[in-house]
Amino acid sequence: MRVIIQDNYDKMCKWAADYIASKIRAHKEKRPFVLGLPTGSSPIGVYRELSRMNREGELSFANVVTFNMDEYLGLPRTHDQSYWYFMHDNCFDHLVDMKPENINILNGMTDDPERECREYEAKIASYGGIDLFMGGIGVDGHIAFNEPFTSLASRTGVRNLTTDTRIVNSRFFGNDPEAVPSQALSVGVGTVFDSKEVLILINGHNKARALAATVEGAVSQKWTCSALQYHNGAIIACDEAACGELTVDTYKYFLDIERAERL
Ligand code: GLP
């Protein structure tokens with residue numbers, strides 16, 4: 001596992017955007033580059049930087065297919081807190097050559113959630129899997145909407161959200177946890193970890209426990225993020241603020257090993 005420690009949020013986002021761009025540019029095959037994407041506040045700076053690169057002609061999305069991690073069940077696309085809306089507002093609407101037909105987001109209004117999830121997995125498989133999955137992390141270490149004790153082998157499916165997550169996410173719903181949908185469709189931990197590479201953004205003091213559990217804790221379904229330890233292409237990009245619960249030797253180890261800038 002690589003852990004990239006940056007001074008602050010902006011530098012973390014710049015590092016992550018540069019990394020993603022380098023992978024897209026290096027992809028010379030005819031088949032599209034398949035990119036997994038998250039929502040949440042963590043990736044906003046990454047989307048801003050990727051959009052800038054795209055607008056200024058430094059990076060093309062013409063041969064990129066995207067799959068988003070999750071979507072609230074029961075929210076229409078037009079709802080300003082749906083993840084469809086978020087992705088268009090923060091990313092896709094700002095890309096000049098992203099093809100709409102290459103954007104994949106689970107349909108939260110489906111009348112058959114099980115089928116929707118099965119078909120999503122099948123579509124990912126039809127592209128040969130995901131090349132790079134970027135993700136965020138919940139304060140309880142959840143990846144996508146895989147709350148504590150979701151199987152580390154889970155696939156795309158319906159998830160019940162914990163009260164904790166609904167409280168945390170209520171900041172986007174007028175601070176009313178009851179207004180946050182109680183269920184979501186989400187890729188599984190197994191879906192994310194089948195990707196060739198996984199890049200997880202972890203920033204801010206409130207994520208310090210989750211970062212320590214991901215890097216130093218035992219692999220456990222209590223912290224679904226800890227499954228990253230078994231992934232051969234796992235990278236965590238974090239900021240200083242998130243490092244507060246790491247032991248000093250872990251912190252020094254990653255600064256030392258990454259000093260040579262292995263981008
Ligand atoms: C939600 C999303 C996750 C995201 C998490 C953290 O629960 N389903 O994919 O990682 O929020 O969001 P934030 O980046 O806003 O802290």
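This section reports on the structure supplied with the text. (Residues numbered from 1 in each chain as written. Predicted model: local features only at pLDDT ≥ 70, side-chain atom pairs only at ≥ 80, totals over all residues. Heavy atoms only, no water.)

**Some details on the site of the ligand**
Okay, so step 1: Not every one of the 13 residues close to the ligand is listed here, only the nearest: Ser-41, Ser-42, Asp-70, His-142 and Lys-207.
Okay, so step 2: Between an oxygen atom of the ligand and a side-chain N or O atom of Ser-42, the distance comes to 2.5 Å.
Okay, so step 3: In this structure, Arg-171 approaches the ligand through a side-chain N or O atom, which is 2.9 Å from an oxygen atom.
Okay, so step 4: Here the ligand has 390 Å² of accessible area as a free molecule, and 94% of this is covered by the chains.
Okay, so step 5: When the residues that make up the shell around the ligand are grouped by side-chain class, the tally is four nonpolar, six polar and three charged. (Near = heavy atom within 4 Å. Polar contact = N/O pair within 3.5 Å; in protein donor to acceptor, adjacent residues only side chain to side chain. Areas by Shrake-Rupley, 256 points an atom, 1.4 Å probe, with all protein chains shown as cover. Nonpolar A, V, L, I, M, F, W, Y, C, P; charged D, E, K, R; others polar.)

**With respect to the packing of aromatic side chains**
Centre-to-centre distance and the angle between the planes together describe a pair of aromatic rings.
Okay, so step 1: What the rule picks out here adds up to eight aromatic pairs.
Okay, so step 2: On the basis of an interplanar angle of 10° and a centroid distance of 5.2 Å, the ring pair of Trp-15 and Tyr-19 is categorised as stacked. With Trp-15 and Tyr-19 both in helix H1 (residues 9–26) and four residues apart, the pair spans about one turn of that helix.
Okay, so step 3: Ring geometry for Tyr-72 versus Phe-173: centroids 5.7 Å apart, planes at 90°, classification edge-to-face. Here Phe-173 lies in the loop between helix H5 (163–169) and strand S8 (183–186) and Tyr-72 lies in strand S4 (residues 70–72), a separation of 101 residues in the sequence.
Okay, so step 4: Owing to a relative accessible area of 2%, Tyr-72 belongs among the buried residues under this scheme.
Okay, so step 5: Among the residues examined, Phe-173 registers a relative accessible area of 9% and is labelled buried.
Okay, so step 6: Through a chain of ring-to-ring contacts, three or more aromatic side chains come together here, namely Tyr-72, Tyr-83, Phe-145 and Phe-173. (Phe/Tyr/Trp six-rings, centres within 6.5 Å; stacked < 30°, edge-to-face > 60°. Helix = DSSP H or I, 4+ residues; strand = E, 2+ residues; numbered from the N terminus. Buried < 20%, exposed > 50% of the residue type's maximum accessible area, 1.4 Å probe, protein only.)

**Description of the sheet that holds S8**
Where strands meet in a sheet, backbone hydrogen bonds hold them as pairs that are either parallel or antiparallel.
Okay, so step 1: What the three strands build is an open sheet, ordered S4-S8-S7; its pairing is antiparallel. Each edge of the open sheet is held by one strand with a lone partner, namely S4 and strand S7 (157–160). Going across the sheet, the axis of each strand differs from the next one's by a mean of 30°, ignoring polarity.
Okay, so step 2: Across the sheet, helix H4 (residues 113–126) touches S7 and S8, and the angle it forms with S7 is around 120°. (Pairing = 2+ DSSP bridges. Axes fitted to C-alpha atoms, helices over the stretch in contact; angles between N-to-C directions. Contact = heavy atoms within 4.5 Å.)

**Some remarks on helix H7 (residues 208–215)**
Okay, so step 1: With seven of its eight residues buried, H7 lies for the most part within the structure.
Okay, so step 2: Residues Ala-208, Ala-210, Leu-211, Ala-212, Ala-213, Thr-214 and Val-215 constitute the buried set of H7.

Read these as spatial facts, not as claims about activity.
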